[in-house]
Amino acid sequence: MSEIRGTTIVAVRKNGQVAMAGDGQVTLGESVIMKGKARKVRRLYNDRVLVGFAGSTADAFTLEERFEGKLKEFSGDVTRAAVELAKDWRTDRILRRLEAMLLVADLDITLLLSGNGDVIEPDEGAVAIGSGGNYAYSAAMAYLDGSDLDAKSIAQRSIKIASEICVFTNNIITLEVLENE
């Protein structure tokens, strides 16, 4: 059976705004586009937390649901919820077989979670995952360094650039933004 893949997610933080964007492409194997409008970025916990996922769709949904449960358990504390999910993901016999990655963010922190037990807070104002993640990350870093664009514009443009380079990424973008009021 061919592997379903193809995702690019980027999170950008700048001037009190955090934006997360993802493309919509789902690819079967190396050459068949199965869907072009998948929604891989969502809002959780009363719209105060953003989550984006890359990897196996069923695995990613499972992890997203578990993360949402941890958010509720820890009253919206993104860091604590992420660490507890990573512990479960690493030690649970069923969860540790899941093949996906998550980006999570609120107004205070952005984290990357992996099945290796990683919970990584990026040093810079951007982080990306998925097949086109390196392209989106490079574009975001260039925009952060050399433009006056806001986080929303940088995230959107970064996915667009990745879609022009990565065959597993398209330019149908889901974009969510959190801002200080």
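Placed above this text is the structure.
Predicted model, so just to flag it, every value in this text is computed and none were measured.

Turning our attention to the pattern of salt bridges. Evaluation of the coordinates by the stated rule reveals eight salt bridges. Across the salt bridge formed by glutamate 64 and arginine 42, the nearest N and O atoms sit 3.3 Å from each other. Here glutamate 64 is found in helix H1 (residues 57-73), whereas its partner arginine 42 is found in strand E6 (residues 41-44), with 22 residues between them in sequence. Classification of arginine 42 by relative accessible area gives partly exposed; the value is 21%. Note that glutamate 164 is salt-bridged to lysine 160, the shortest N-O span being 2.5 Å. In this pair, glutamate 164 and lysine 160 both sit in helix H4 (residues 151-165), four residues apart, roughly one turn of the helix. The network of salt bridges with common partners includes Arg39, Arg43 and Glu176.

Now for H4. An ideal rise of 1.5 Å per residue puts 21 Å on 15 residues; H4 measures up with 21 Å between its terminal C-alpha atoms. Those residues of H4 that sit buried are Ala151, Ile154, Ala155, Ser158, Ile159, Ala162 and Ser163. Residues of H4 that are buried in the fold lie against strand E2 (8-14), strand E3 (17-22), helix H3 (133-146) and strand E12 (174-179).

Conventions we followed
- Residues numbered from 1 in each chain as written.
- Predicted model: local features only at pLDDT ≥ 70, side-chain atom pairs only at ≥ 80, totals over all residues.
- Heavy atoms only, no water.
- Salt bridge = Lys/Arg side-chain N within 4 Å of Asp/Glu carboxyl O.
- Helix = DSSP H or I, 4+ residues; strand = E, 2+ residues; numbered from the N terminus.
- Buried < 20%, exposed > 50% of the residue type's maximum accessible area, 1.4 Å probe, protein only.
- Expected span 1.5 Å × (residues − 1).
- Contact = heavy atoms within 4.5 Å.

Read these as geometric descriptors, not functional statements.
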